Amino acid sequence: MFNRVLIANRGEIALRVIRACKELDIECVCVYSQADAGAPYLSMADQAVCIGPAAAAESYLDIPRLIAAAEITSADAIHPGYGFLAENAHFAEVCRDCRIEFIGPSPEAMALLGDKVSAKNLAKSSRVPVFPGSEGEIDDIDEAAQIADKIGYPVIVKAAAGGGGRGMRVCRNENDLRKNVSAASQEAEAAFGNGAVYIEKFLESARHIEVQVIGDKHGDAVHLYERDCSVQRRHQKLIEEAPAPHVEPKRRDEVCKAAAKLIKKAEYAGAATVEFLLDDKQNFYMLEVNTRVQVEHPVTEMITGVDIVKTQILVAAGEPLPFRQREIKPRGHAIECRINAEDPDHNFAPCPGPIHRFDVPGGPGVRFDSHCVAGYRVPSNYDSMIAKLIVHADTRRDAIRRMGRALRELEIGPIKTTTPLHRRLMDNHAFIEGGVDIHWLERMLKA
Amino acid sequence: MFNRVLIANRGEIALRVIRACKELDIECVCVYSQADAGAPYLSMADQAVCIGPAAAAESYLDIPRLIAAAEITSADAIHPGYGFLAENAHFAEVCRDCRIEFIGPSPEAMALLGDKVSAKNLAKSSRVPVFPGSEGEIDDIDEAAQIADKIGYPVIVKAAAGGGGRGMRVCRNENDLRKNVSAASQEAEAAFGNGAVYIEKFLESARHIEVQVIGDKHGDAVHLYERDCSVQRRHQKLIEEAPAPHVEPKRRDEVCKAAAKLIKKAEYAGAATVEFLLDDKQNFYMLEVNTRVQVEHPVTEMITGVDIVKTQILVAAGEPLPFRQREIKPRGHAIECRINAEDPDHNFAPCPGPIHRFDVPGGPGVRFDSHCVAGYRVPSNYDSMIAKLIVHADTRRDAIRRMGRALRELEIGPIKTTTPLHRRLMDNHAFIEGGVDIHWLERMLKA
Amino acid sequence: MIQIDRLKELVQLMIENDLSELDVSDSEQTVKVKRGGAVIHPATAPAHAPISPSVSESPGETIDEDDGLIVIESPMVGTFFAQANPDNPPFVSVNSDVSSETVVCLIEAMKVFNEVKAGVNGKVARILVNNGDPVEFGQKLFLINPA
Amino acid sequence: MIQIDRLKELVQLMIENDLSELDVSDSEQTVKVKRGGAVIHPATAPAHAPISPSVSESPGETIDEDDGLIVIESPMVGTFFAQANPDNPPFVSVNSDVSSETVVCLIEAMKVFNEVKAGVNGKVARILVNNGDPVEFGQKLFLINPA
């Protein structure tokens with residue numbers, strides 16, 4: 001087991017990793033930028049090291065500084081959290097070169113699943129359902145038009161190396177397609193230095209379902225069932241839940257098993273999330289694989305009893321997975337609401353600043369993950385998530401009621417947060433009914 | 001189901017009942033004394049009614065005031081919490097006369113199990129192990145000496161109507177016994193208006209194990225397994241856990257089943273706790289039955305997933321138990337630490353007063369039940385418990401580590417609390433080993 | 001000269017607006033006031049707690065700070081009745097003279113009607129609750145202009 | 001004379017804008033008001049954050065408030081070396097004269113030795129770390145008495 005883990009992140013996920021280390025009796029070192037100096041979660045680490053100024057490029061994203069911090073504190077492993085360098089294969093490689101264990105997959109497994117074309121090919125061979133489309137990149141526009149005819153419009157043109165919507169174009173007919181393929185390719189070339197594009201079926205409306213998997217260094221991988229993260233605004237998830245409501249159990253089990261097989265085939269050690277879109281005919285289509293722990297991992301922890309962050313550390317240290325697939329028996333229903341320092345009444349404008357009042361909900365089935373306390377000042381330099389409120393109950397209806405009462409106990413001020421919006425959502429008929437699509441929240445906010 | 005529940009209690013248990021009502025979509029009214037005016041938990045109830053001055057005798061213990069509060073708010077049920085009037089059969093009777101449902105057993109069942117002699121007789125016929133001793137009250141001193149000879153010294157003389165140690169005398173030989181029987185009888189007569197005494201085997205050292213049971217109005221009763229509450233100081237429990245460590249599984253199961261049978265035989269609807277002493281040869285002996293929800297109910301909730309307070313309300317409303325015995329499958333290990341406003345470095349002197357800092361632990365497997373927030377003033381009029389910190393993990397060792405890290409996150413000030421003592425206990429070898437007896441903590445504090 | 005009334009107004013201003021410190025001076029006067037120290041959250045600030053009556057079965061009386069009126073508070077929780085029965089006139093009305101022993105209302109709790117006496121000599125200035133209203137312990141019922 | 005109405009207006013202004021302190025004076029009057037709110041817990045108060053150097057690869061300098069000394073801060077996290085190699089003398093000692101371009105130490109990070117220059121003319125007043133010490137970004141390394 002590791003002697004000392006360096007946490008190359010900040011805020012709630014840094015605290016989450018500190019908690020896991022404490023419970024495993026491993027010392028932990030947390031890095032911080034000057035903007036985070038004095039943050040209360042740092043005092044819970046065994047050591048805290050200032051690595052640079054507020055700008056993430058010169059602190060949380062600066063590989064040499066992170067490695068130097070690990071070296072001066074004799075850390076033998078680095079947990080990257082999520083965001084920042086968590087999905088950067090080069091960082092994982094530098095760690096390996098410096099003989100520091102990267103708590104995550106090998107650079108090779110990360111690269112294999114990070115590239116959309118190679119991930120899709122591996123998915124197909126693992127019977128993970130994927131979008132029908134071109135087999136790899138498009139060489140010829142006529143061939144593309146033929147494929148589009150076969151799968152039916154609308155289709156989407158995507159960059160093989162892409163992400164974040166760049167290089168993506170929806171085509172509703174052949175004219176669109178012929179116009180967009182070369183434009184998308186040029187855009188991709190400019191953005192990622194790689195002009196390869198491919199086409200896929202496009203869903204006008206769908207739900208976001210993702211499967212949590214965790215693999216070890218001994219060739220095993222176990223899935224921890226799925227989450228539904230369809231309540232989104234501008235591609236930012238706001239509410240996540242497990243299990244996903246209204247999914248046909250047999251289809252769900254098939255997809256979860258296939259996702260575990262994909263991760264196993266990639267010889268992947270660590271936590272991974274296989275993301276899917278689900279159409280209104282209960283068809284799953286794989287979107288991509290996230291090669292890190294997710295913000296929303298607690299809902300899976302609540303229903304399975306598995307501590308995902310502890311398990312990440314154990315498998316990185318070379319231990320076999322401490323559970324088998326058949327031992328994973330989900331219980332009840334869990335929901336997470338992201339509490340962001342944003343004003344939902346003013347177009348979600350960020351609201352950094354000092355927190356004077358911070359009254360936290362409690363009682364049965366309530367979990368609250370936050371790096372904040374009364375007296376903390378939310379810096380303006382980083383993302384606005386300040387807390388995650390998670391509840392667990394026997395049924396989805398009970399979980400929604402529990403979340404409603406917990407949200408009414410939560411009082412954060414004077415900064416504005418997404419709490420009032422979440423309170424409204426817990427009373428919303430469509431949300432209570434379950435199974436809303438990924439555009440539902442934006443439609444609702446406009447109405 | 002009830003329309004409106006009146007909560008005849010204060011502090012954390014009042015908030016616990018408010019939470020249960022909210023989650024069941026039942027309106028709730030909380031009474032308060034002037035000493036609790038403005039307490040933050042009151043604002044979470046739908047209504048709050050001032051019933052009297054700070055003195056409990058004129059507020060939380062005053063039956064006419066409580067009934068009047070229920071009448072002016074049209075409450076159709078009263079939850080008594082624990083302490084105050086929770087085990088007062090007269091109160092339960094007045095509620096019935098006023099056509100207000102008492103959320104707890106019938107006055108008859110409460111009286112039957114509240115009387116130690118009748119409870120013991122019913123226990124024997126349910127195969128609940130009891131202390132060997134006289135069958136009911138002692139008429140004749142020679143007969144008592146014969147019984148004592150048979151069960152072996154030391155024995156204890158107890159008042160049939162007793163409680164709280166009054167009227168109890170330990171006898172180590174026949175001389176002791178002959179001296180003490182009449183003295184104890186006189187003391188009992190003076191204290192309880194009932195001079196009946198009985199004798200029982202006395203254990204020099206034992207563990208406190210209790211079985212949680214819940215019955216409904218349809219003749220069913222289910223046990224939720226046991227708790228170990230041996231870490232006590234002056235008969236006040238400080239740490240509770242479930243399951244009890246180092247108990248022979250077969251004996252445990254037998255005792256739990258017998259406890260459920262006892263509650264069923266008493267035609268008892270509601271939550272009950274059958275308390276036992278466990279000697280060093282794995283023998284259980286019933287102490288008494290508590291006819292209410294216990295402070296330490298959350299540890300059972302954590303391992304079974306059952307919401308005990310919600311279930312109390314459901315069965316009081318006449319619903320059948322929502323689970324069967326075979327569906328109760330304990331998972332993992334749970335520990336509760338009571339956070340009292342007391343100074344463990346100064347003989348546990350109470351420390352009421354204002355709380356300025358109240359930083360609450362979070363993360364996986366942590367539950368925090370408290371009616372306090374930063375800015376709250378702990379009144380000096382009532383008991384000193386201000387919070388319960390509960391953790392759940394896969395194993396007892398993991399739960400202790402989790403409790404240790406959660407206690408280090410908990411910061412309450414400037415008042416003194418039992419937090420530092422709990423931190424030390426989580427590092428204590430004997431506690432970690434498990435199975436300490438009821439005098440262990442006091443020995444440790446003296447050492 | 002420092003006027004107590006003026007000072008009371010300042011203190012009231014502080015309480016109502018949760019001010020913790022006030023420091024005012026002009027050529028004639030300097031006033032410095034500090035409050036609390038404990039920061040009480042607005043939502044958890046104690047509601048105005050009526051002063052407890054010394055004897056619980058006789059009404060509480062406190063001097064209303066506004067204008068020297070005496071408050072009769074409810075000695076119990078229950079239902080307020082202004083008259084002995086629906087056909088009777090109310091025990092008192094605004095401007096009624098009351099003596100210490102005058103019954104001013106009944107409070108019903110558990111079917112028992114409890115008489116509340118004025119406990120003071122004076123004239124009824126205001127009646128703050130309506131016939132049939134539920135009342136809490138310590139709730140203000142009447143304002144009396146003392147004789 | 002103190003005007004309550006004027007004061008109330010000021011307090012209203014504070015509440016509406018969440019001001020915690022107000023201090024106004026003119027020739028006649030002085031008004032100071034503090035308002036509840038921002039209690040910063042001692043333990044969560046930001047630690048003294050060293051001032052960020054403007055260019056990250058050149059050392060930061062700040063004037064030490066005590067006695068006009070200039071601080072050279074570490075521009076990076078790594079290991080502090082006072083000398084180029086174990087056999088060499090240290091780059092500087094107490095009382096050494098330094099100019100803006102004088103190398104005062106090396107910081108090693110990822111096997112790369114980074115020179116730190118004084119960035120100021122003066123005399124070394126104190127050396128705050130020892131050879132081989134790990135140093136954080138922004139950590140104070142030297143105090144310089146400026147020329």
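Keep in mind the model is a prediction, meaning the values are calculated, not measured.

Parameters and conventions
- Residues numbered from 1 in each chain as written.
- Chains lettered and ligands numbered in written order.
- Predicted model: local features only at pLDDT ≥ 70, side-chain atom pairs only at ≥ 80, totals over all residues.
- Heavy atoms only, no water.
- Helix = DSSP H or I, 4+ residues; strand = E, 2+ residues; numbered from the N terminus.
- Contact = heavy atoms within 4.5 Å.
- Areas by Shrake-Rupley, 256 points an atom, 1.4 Å probe, with all protein chains shown as cover.
- Salt bridge = Lys/Arg side-chain N within 4 Å of Asp/Glu carboxyl O.
- Buried < 20%, exposed > 50% of the residue type's maximum accessible area, 1.4 Å probe, protein only.
- Pairing = 2+ DSSP bridges.
- Axes fitted to C-alpha atoms, helices over the stretch in contact; angles between N-to-C directions.
- Least-squares fit on C-alpha atoms with pLDDT ≥ 70 in both.
- Domains from an automatic or database assignment.
- Buried area = accessible area lost by both parts, 1.4 Å probe.
- Polar contact = N/O pair within 3.5 Å; in protein donor to acceptor, adjacent residues only side chain to side chain.
- Nonpolar A, V, L, I, M, F, W, Y, C, P; charged D, E, K, R; others polar.
- Phe/Tyr/Trp six-rings, centres within 6.5 Å; stacked < 30°, edge-to-face > 60°.
- Lys NZ or Arg CZ within 6 Å of the ring centre and 35° of its normal.
- Arc of directions from axis to C-beta.

Caption draft 1: Spatial organisation of the overall build of chain C. Counting its regular elements, chain C contains 1 helix and 11 strands. Ordered by position from the N terminus, the helices and strands of chain C form the series α-β-β-β-β-β-β-β-β-β-β-β. Relative to all contacts within chain C whose residues are 6 or more apart in sequence, the contacts with residues 24 or more apart total 49%. Carbon and sulfur atoms form 52% of the exposed surface of chain C, whose accessible area is close to 8,000 Å².

Caption draft 2: Just the pattern of salt bridges, in detail. For the structure shown, the criterion picks out 96 salt bridges over all chains. R10(A) is the partner of D36(A) in a salt bridge, and the nearest nitrogen-oxygen pair spans 2.7 Å. Here R10(A) lies in the loop between β1 (4-7) and α1 (11-24) and D36(A) lies in the loop between β2 (27-33) and β3 (47-52), a separation of 26 residues in the sequence. The two residues D36(A) and R10(A) agree in class, both being buried. Residues E101(B) and K217(B) are paired through a salt bridge, measuring 2.7 Å at the closest nitrogen-oxygen approach. Placement of the pair is E101(B) in strand β5 (residues 101-102) and K217(B) in the loop between β9 (207-215) and β10 (221-233), with a sequence separation of 116 residues. One salt-bridge network, held together by shared partners, links R16(A), R19(A), E23(A), E301(A), D307(A), K310(A), R367(A), D369(A), R402(B), R405(B) and E409(B).

Caption draft 3: Expanded view of the sheet that holds strand β8 (residues 197-201) of chain B. All names here are of chain B. Overall, antiparallel pairing links the 3 strands, which are arranged β7-β6-β8 in an open sheet. The sheet terminates laterally at β7 (169-171) and β8, the two strands that pair on one side only. Sheet twist, expressed as the average angle between the axes of neighbouring strands with direction ignored, equals 30 degrees. One ladder, built from 5 bridges, connects strand β6 (residues 155-159) with β8; its direction is antiparallel. Paired with K158 across the strands is Y198, a residue of β8. Helix α7 (residues 174-192) rests against β6, β7 and β8 of the sheet, and its axis sits at about 170 degrees to β7.

Caption draft 4: Just the pairing of strand β19 (residues 366-369) of chain A, in detail. All names here are of chain A. The alternating pattern of β19 places V366 and F368 and R367 and D369 on opposite faces, both of which are buried. With 4 bridges connecting them, β19 and strand β21 (residues 385-393) associate as antiparallel partners. If you follow R367 over to β21, its bridge partner there is I390.

Caption draft 5: Broad picture of the sheet that holds strand β3 (residues 47-52) of chain B. Residues and elements named next belong to chain B. Taken together, 5 strands build an open sheet; the order of strands is β3-β2-β1-β4-β5 and the sheet is parallel. A strand with exactly one partner marks an edge of an open sheet, and here the two such strands are β3 and β5. Sheet topology note: the strand β2 (residues 27-33)/β3 ladder contains 5 bridges and is parallel. Along β3, the bridge assignment pairs V31 with V49.

Caption draft 6: View of the relation of the copies chain B and chain A. Note on the identical chains: chain B maps onto chain A by a rotation of 180 degrees and an axial translation of 0.0 Å, with an RMSD of 0.0 Å. What the superposition gives is, in effect, a two-fold axis relating one chain to the other. Ranked by how close their C-alpha atoms come to the rotation axis, the residues of chain B are headed by R367(B), at 3.4 Å. By residue overlap, the copies meet face to face through one surface: 100% of the interface positions of chain B are interface positions in chain A.

Caption draft 7: Representation of the domain arrangement of chain A. Residues and elements named next belong to chain A. When cut into domains, chain A gives domain 1 (4-103), domain 2 (130-201) and domain 3 (207-446). A straight line from the C-alpha centre of domain 2 to that of domain 3 covers 31 Å. Together, the buried faces of domain 2 and domain 3 total about 400 Å²; carbon and sulfur atoms form 73% of this surface. Per-residue buried area on domain 2 facing domain 3 is highest for V130, F131 and K201; these three make up 82% of the total on that side. Where domain 2 packs against domain 3, one counts 0 salt bridges. The interface formed by domain 2 and domain 3 holds 0 residue pairs in polar contact (both at pLDDT 80 or more) in total. Across the side of domain 2 that touches domain 3, the residue classes tally to 3 nonpolar, no polar and 2 charged.

Caption draft 8: Fine view of the packing of aromatic side chains. One pass over the full model with this rule turns up 18 aromatic pairs over all chains. When the centroid spacing of 5.5 Å and the interplanar angle of 80 degrees are considered together, the rings of Y60(B) and Y382(B) count as edge-to-face. Of the two residues, Y60(B) sits in the loop between β3 and α2 (63-72) while Y382(B) sits in the loop between β20 (377-378) and β21 (385-393), which places them 322 residues apart along the sequence. For the pair Y60(B) and Y382(B), a shared accessibility class is recorded, and that class is buried. Clustering of aromatic rings is evident, with ring pairs tying together Y60(A), F84(A) and Y382(A). The ring of F431(A) carries the charged tip of R396(A) above its face, separated from the ring centre by 5.0 Å.

Caption draft 9: Summary view of helix α3 (residues 89-97) of chain A. Residue and element names in this part refer to chain A. Of all the positions in α3, only F91, A92, V94 and C95 are classed as buried. What you see down the axis of α3 is that its buried residues fit within an arc of 160 degrees, all on one side. Its buried side turned inward, α3 meets α2 (63-72), β4 (77-79), β5 (101-102) and α4 (107-114). Taking the backbone nitrogen of H90 as reference, a side-chain oxygen 2.9 Å away marks N88 as the first, capping residue of α3. Immediately downstream of α3, the backbone of R99 shows phi near 60 degrees, a positive value.

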